[in-house]
Amino acid sequence: MTVDPSLAELSDRLFSIAVALYSVAVVAFSAQLAFGRRPARELVPAGSGGADAGAPAAPLRSDRWGLAGLAVTVLGAAAHAGVLITRGMAADRLPWGNMYEFATAVVLVGVVAYLVLATRVPAVRDIGAFVLAPVVISLVAIGLFLYTETGPLVAALRSSWLAVHVSSAILGSGLFFVSGIASVLYLLRSRQEAGADGSFLSRLPGAATLDRVAHRTAVFAFPIYTFAMIAGAIWAESAWGRFWGWDPKETWMFISWVVYAGYLHARTTVGWRGRPAAWVNVVGFAVVLFNLLYVNMVSTGLHSYGGLD
Amino acid sequence: MSTVAPPRPAAAPPPPARPSLGARAWGLWLRWWRRLTAMRTAIVLLFLLALAAIPGSLLPQRSLNQNAVRQYFADHPTLAPVLDRLYAFDVFGSPWFAAVYLLLFVSLIGCVVPRLAEHVRALRAAPPPAPRRLQRLPDSGELATALPGPAVLDVVEEELRVRRFRVVRRDGAASTPPGPAASGPELSAEKGFWKESGNLLFHLSLVALLLGLAGGKLWGYEGSILVTEGQGFCNSFQQYDTHSSGALVDSGDLSPLCIDLEDFRAEYEEDLTAASYTADIRYGGPGEEGEPATIGVNDPLRLDGDRVYVTGHGYAPRFTVTLPDGTAFTDVSAPFLPSDQTTMSSEGALKLPDLGAGVEDQLALEGFFAPTGLMQGGVLTSIDPRPLNPQVAVLAYQGYLGLDSGLPQSVYSLDASQIERGRLAEVGRANLAVGETLTLPDGTAVTFTGVSQFAALQFSHDPGQVWVLAAAIAVLVGLLALLFLRRERFFARVGPAPDGGGTVLTVGSLTRGGGESATRFAELTGQLRAALDERSPTPSAPPSGGAAPEPEVSPRDR
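A quick note: this is a predicted structure, and the numbers were derived from the prediction, not measured.

Before going further, it helps to examine the state of the cysteines. All names here are of chain B. In total, this model carries 1 disulfide over all chains according to the counting rule given. Note that Cys234 is cross-linked by a disulfide to Cys258, the S-S spacing being 1.8 Å. Classification of the bridge connecting Cys234 and Cys258 rests on its S-S torsion, roughly 100°, and on that basis the disulfide is right-handed. Of this pair, Cys234 sits in strand E5 (residues 232–234) while Cys258 is found in strand E7 (residues 258–268), placing the two residues 24 residues apart along the sequence. Given a relative accessible area of 24%, Cys234 falls into the partly exposed group.

Residue and element names in this part refer to chain B. Mapped onto the elements of the fold, Gly513 is located in the loop between strand E23 (503–512) and helix H11 (517–535). A relative accessible area of 25% means that Gly513 is categorised as partly exposed. Considering only alpha carbons, one finds Gly513 and Lys195, 318 residues apart in sequence, at a separation of 8.5 Å. Setting aside anything within four residues of it in sequence, one finds Gly513 in contact with Lys195, Leu485, Arg486 and Arg520.

You'll often see interface size given as the accessible area lost when the parts meet. Residues and elements named next belong to chain A. The domain boundaries assigned to chain A delineate domain 1 (1–35 + 64–156) and domain 2 (159–301). For domain 1 and domain 2, the distance between their C-alpha centres works out to 20 Å. Counting residues at the interface gives 24 residues for domain 1 and 27 residues for domain 2. Viewed at the interface, domain 2 and domain 1 are joined by 0 salt bridges. Joining domain 1 to domain 2, the criterion identifies 0 residue pairs in polar contact (both at pLDDT 80 or more). Going through the elements one at a time, helix H1 (5–35), helix H3 (99–120) and helix H4 (128–146) are the ones with two or more residues in the side of domain 1 that touches domain 2. Among the elements that line the side of domain 1 that touches domain 2, the one with the most residues is H3, at 9 residues. Counted by class, the side of domain 1 that touches domain 2 contains 22 nonpolar, 1 polar and 1 charged residues.

Residue and element names in this part refer to chain B. Counted by the stated rule, this structure contains 26 aromatic pairs over all chains. Taking 5.7 Å as the distance between ring centres and 70° as the angle between the ring planes, the aromatic pair formed by Phe97 and Tyr101 counts as edge-to-face. Here Phe97 pairs with Tyr101, and both are found in helix H5 (residues 95–124), just 4 residues apart, close to one helical turn. In this structure Tyr101 comes out as partly exposed when scored by relative accessible area, which is 24%. Directly above the aromatic system of Trp32 lies the positively charged group of Arg35, at a separation of 4.9 Å from the ring centroid.

Each value, and the rule that gives it
Residues numbered from 1 in each chain as written. Chains lettered and ligands numbered in written order. Predicted model: local features only at pLDDT ≥ 70, side-chain atom pairs only at ≥ 80, totals over all residues. Heavy atoms only, no water. Disulfide = S-S within 2.5 Å. Helix = DSSP H or I, 4+ residues; strand = E, 2+ residues; numbered from the N terminus. Buried < 20%, exposed > 50% of the residue type's maximum accessible area, 1.4 Å probe, protein only. Contact = heavy atoms within 4.5 Å. Domains from an automatic or database assignment. Salt bridge = Lys/Arg side-chain N within 4 Å of Asp/Glu carboxyl O. Polar contact = N/O pair within 3.5 Å; in protein donor to acceptor, adjacent residues only side chain to side chain. Nonpolar A, V, L, I, M, F, W, Y, C, P; charged D, E, K, R; others polar. Phe/Tyr/Trp six-rings, centres within 6.5 Å; stacked < 30°, edge-to-face > 60°. Lys NZ or Arg CZ within 6 Å of the ring centre and 35° of its normal.

Written as structure tokens, this is what we have:
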């Protein structure tokens, strides 16, 4: 298993290209927010259309900004996926053997989830700046602090469970990020709707749409995350001799699972619906982030595959 | 746990007189029980559980790393004992952690068991009668047709049965209080019981999972031991370097199994990343020849209820000690613990307390082992984890080791207090390559003859883990059903059209879960209309309300 240096270099170059494209998308989405028309208050569920009689059918200039942002985001996501594909090919293995690769993949899942939502629920397109700006910031941080040379996997990671456990963990975490961002925006937007100050927040999708997007995404992510936990336990049983041992990573995954279980319950409980439930989702988001960063970088445990010294 | 609180009496009627003590106690118990099993309590308990787990990851835990706990005690001599009294170093076995999860599970059971009974009842009961005003349902609409009323309901029933609804027809006037809105025969249909079944399966499987975990903890044990190539061990607590066992484990009743390590191999990539560790072992009952097997990382030996793992490895340098009188101890060795996993530089000690009759002094070697040694500025370092050029830097001591003093001491180092007290004196030091000899002042020759590998093996017995796996899979299946299936209720009622010709069909539906109900409802009513048109002699006239049923959008979906 040798590393192909030219592919590894291509991977690093694609990383910079992805960051550059995403930055352009942030500019485009910001322009949409700055120059955009204020959408009519969303009385219609996104997608059903029709009732917004005042809106002309042809796309306005601001919509063109939004579409441009979306197009550039798609290109960025392609380059972003290329980072992982070329890395995997360079080392001839799945490209999630260290924290740089894992974090890059999580961010990619977030971007793709946003793109899927934006095509299915057009109103969600308007939150582009709020998704892509954190994406750019995290990618820059990943490139600066987590970068690891392309290399082979350590012995413990050479198992088919790597594909199962880590893929589902990446998928679950990436979707939770989108859900968390939607809940943060919901909290901002619902306060703005109540107080009605005319800030740019009024150009966001309606609070109810944001809340629904947050919930749907979390509902989709939760079983995946549960599956990641079970697959991890099965792998731990054959790699470390026990299926659960309160290793820091395991503990924090447990904590985040419990918080998200709380969110799903809270959203259907009188007294917790709306803003309190959204806060729970934001806490879950923070826990997942903490698990990704603190547990890999600061604490020592069996999951210390970060490739960082 | 209930998403909709079952109807409960708002308040007990004021007691007529002082109720008996028993009744009051029962009332109090009932009040607390309801409070405990309420959904808000469950949410709060979930949060408490998450909070309670946090110190377990931030503070060192005895179950994970005893040394880290000892270090914490040394670093925080005043704080550590206080924390220890609060079980801060055994969080996951602490009474308060157990209190939180047991309360949560009691709350869960208290919520799920009544729902289970209700669900079983609902499975057997007919779908509930249609509400009086179908237009008030989240999704509703009206269709006009030329067909007579009963024929319309026949068509609707057929269409619904094809879609696997359970359908019941009622004579509306008889089953509901008479009134203007509740006239005419009606139909109730229901499907999607699997959603609630999934919900119950999810929660009950969590209970099963907890029971499996508890059983595994009570009847499970594990032991760890370092085994050098050519040596072996048998499954007994006396032999293990460290072991832990559940409260109900009888140490005389462990599975009779012995393991011999025949060969150990560590393979490395070009950049010295460890690629694989494999151990060739033989296993079998005591005294048996044993079956050969190869185990490694991610590939344990699995026997009925027992598992044997390779959890680590290292080097055990071999020495031949020749006393001045010619007595030779050939190839004695001791495992040296790796202090750096990337270069496998290791530290350890070889103790020879009994050199034969007439030799008073005990001998010990303490030192540093480098699988690929390199002298840098007079200091031996290791540059490669593979044994390409094994070298040792040893200090030789003679005197009294203190092994029989009654105080436990590490096998990997000498007792420093014996050296301080001068009972153990350094008598020589050297850096040796394989074949080189250090001769001590009294004429004793210590030859570095080579190196063996040792494997850290772990023997685990957990009778609960298959149970836990089955429960975890059931949790996931229940979760998928709970989150992605939907329960649908569909109601229809026919009445004469206001203008006298034909029939007006009023339909409404109530959906739980599954997202966008409006589009699905519109689709279903569209299909009903098509089916009605097919049967009716003339195409149905547009209903008075509009061309198509206007699905009213539920507030949830806005």
